[in-house]
Amino acid sequence: SEFSDEAQELAKSNPEQGISALRKLINADLPPDEVSRCKEAAILKLGEVLAENNKTQELLQLLQEIRPLFVSFNKAKTAKIVRALIDLSSKIPNSEELQIRLCEDSIQWCRDEKRTFLRQRLETKLAQLYCDSQRYKDALDTISPLLKEVKKLDDKLQLVEIQLIESKVYAKLENIPRSKASLTASRSCANAIYCPPVLQAEIDMMSGILNSEEKDYRTAYSYFYEAHEGFNSVEDFRALFALKNMLLSKIMCNRPEDVYILISSKAGTKYTGPQIEAMRCVAHALQMRSLHEFQQALNNFKQEIEGDPVVIRHVQALYDTMLEQHLIRIIEPFSKVELSHVAELIELPLEIVTGKLSQMILDKKFEGTLDQGIGCLIVYDEPPTSKLYESSLKYLDSLNLVMDSLFEKASQVKG
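What you see is a predicted model; the values in this text were computed from it and never measured.

Enquirer: It is not clear to me how the overall build of the protein should be interpreted in this structure. Could you clarify?
Expert: On a plain count of helices and strands, the protein comes out with 22 helices and 3 strands. Its C-alpha atoms give the protein a radius of gyration of 31 Å, more than 25% over the compact-globule value 22 Å for 415 residues. Over its C-alpha atoms, taken along the principal directions, the protein stretches across nearly 95 × 80 × 45 Å. Residue burial in the protein is summarised as follows: out of 415 residues, 45% are buried. In the protein, 56% of the contacts between residues at least 6 apart in sequence involve partners at least 24 apart. With 52 positive and 62 negative side-chain charges, the protein shows a spacing of 5 Å between the two charge centroids.

Right, dumping it as structure tokens:
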């Protein structure tokens, strides 16, 4: 026990010597009553030191080397150590591939040793890693058999986690109906058991994202609020992103003034930083109806906005709507106008304006054509809407009723 404490202290002051001392402790012969406790502490400490020093290969080797020791540990402790080492590997920058290799290697060992419970947990973790690494087919291939297996065992807590991951995968594949179905199943299982606060917050976060996709930003805001409360209660970093999505919902509801209230609230001041400042700039641009400010916000906070796939999708849609409204207002007085003049009035590059106008013409936002030869936009008057089709449909409906009535009467005469 004293040697264990010395090795852990040495690991803090001199990592290389600490690693060597911890390895000796793991392989040492200890009294039976100290084997489990001391070796578990040494393994976890060694994993922590290796992760802090970015020693990816050594961490993978450690997980393979300690497997003979698991004979002296009970199954619960073995599962705890394996999962802890994989979680420690996430501290290494850009370690997604390492975590996947650790999971795949450990899953194969679990199959060989018939450790069903640990294998299922690791497969759940692997599915999440595949999702984060954009390997969506691999994620679904992992989830499908796992889901059938866990349903037979009726492990509701794990079902909640698996179905939530499945919902995330389908959302990233933009298959919203399947994503909603998986989330509904996950929520149903969560309602039947005690659900940990972080997991419940993840469900609420996913619900908010799916409601945002369906343009129901009011409902999305309430889910993001619940998610923020859940993450914030355990000091989880995802509370910041829940707050960011709350601000996004207010912006998309065209209520930028509420963004300032949220930012100045107790929750907002706690998470002040580039992510929140990015949303404040977007809200200010919307409030001022300034495309120039909007573009400036997108350029100044490229990582915070474009790096978030949920935010960029909605912000881009909002920008496109604002741009269309501005262009229609500018070209309204003209029947023919130079494209360079329109670009000058809206203060945007000519290429962007030309591309947007051609798209609007194709989408039937207004009647017109682009004359690229002379660099002009020709705007036509709205064609008069003919009432011929509407009247024809009314006459056909009336004729259908007459024919039905005559058929009934003819049937009665025959009878």
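Enquirer: What should I look at first to understand the side chain of lysine 250 in this one?
Expert: Note that lysine 250 resides in helix H13 (residues 238-252). The buried category is assigned to lysine 250, whose relative accessible area is 14%. In contact with lysine 250, not counting residues within four places along its chain, are Tyr221, Arg255, Pro256, Asp258, Val259 and Leu262.

Enquirer: Before we go on, may I ask you to explain helix H6 (residues 96-113) in this structure?
Expert: Working note: α-helix, 3.6 residues per turn, so residues spaced by three or four point in the same direction. Relative to the 26 Å expected for 18 residues at 1.5 Å per residue, H6 spans 26 Å between its end C-alpha atoms, a close match to the ideal helical length. Tucked into the core, H6 has its buried residues touching helix H4 (56-65), helix H5 (75-89) and helix H7 (116-132). Backbone geometry just downstream of H6 places lysine 114 in the positive-phi region, at approximately 60°.

Enquirer: Explanation requested: the sheet that holds strand E1 (residues 336-338) in the structure shown.
Expert: Sheet strands pair via backbone hydrogen bonds, and the direction of the pair is either parallel or antiparallel. With antiparallel pairing, 3 strands are arranged side by side in an open sheet as E1-E3-E2. The open sheet is flanked by E1 and strand E2 (368-371), the only strands paired with a single partner. When the angles between neighbouring strand axes are averaged without regard to direction, this sheet yields 20°. On top of the sheet, helix H20 (residues 339-346) reaches E1, E2 and strand E3 (376-379); it is set at about 70° to E1, its chief contact.

Enquirer: How should the pattern of salt bridges be read in this particular structure?
Expert: Side chains that differ in charge, positive against negative, can pair when their charged atoms come close. Evaluation of the coordinates by the stated rule reveals 29 salt bridges. Glutamate 40 is the salt-bridge partner of lysine 77, the closest N and O atoms lying 2.8 Å from each other. Note that lysine 77 is positioned in helix H5 and glutamate 40 in helix H3 (residues 32-52), a separation of 37 residues in sequence. Exposure remark for lysine 77: the relative accessible area of 22% places this residue in the partly exposed category. As a salt-bridge pair, glutamate 48 and lysine 45 come within 3.8 Å of each other at their nearest N and O atoms. Of this pair, glutamate 48 and lysine 45 both sit in helix H3, 3 residues apart, which is roughly one turn of the helix. Overall, the relative accessible area of 27% leaves glutamate 48 in the partly exposed class. Linked through salt bridges whose partners overlap, the residues forming this network are Arg111, Arg119, Glu123 and Glu149.

Scoring rules and cut-offs
Residues numbered from 1 in each chain as written. Predicted model: local features only at pLDDT ≥ 70, side-chain atom pairs only at ≥ 80, totals over all residues. Heavy atoms only, no water. Helix = DSSP H or I, 4+ residues; strand = E, 2+ residues; numbered from the N terminus. Rg over C-alpha atoms; globule rule 2.2 N^0.38 Å. Buried < 20%, exposed > 50% of the residue type's maximum accessible area, 1.4 Å probe, protein only. Contact = heavy atoms within 4.5 Å. Lys, Arg positive; Asp, Glu negative; His and termini not counted. Charge placed at Lys NZ, Arg CZ, Asp CG, Glu CD. Expected span 1.5 Å × (residues − 1). Pairing = 2+ DSSP bridges. Axes fitted to C-alpha atoms, helices over the stretch in contact; angles between N-to-C directions. Salt bridge = Lys/Arg side-chain N within 4 Å of Asp/Glu carboxyl O.

Function cannot be read off these values alone, since they describe shape.
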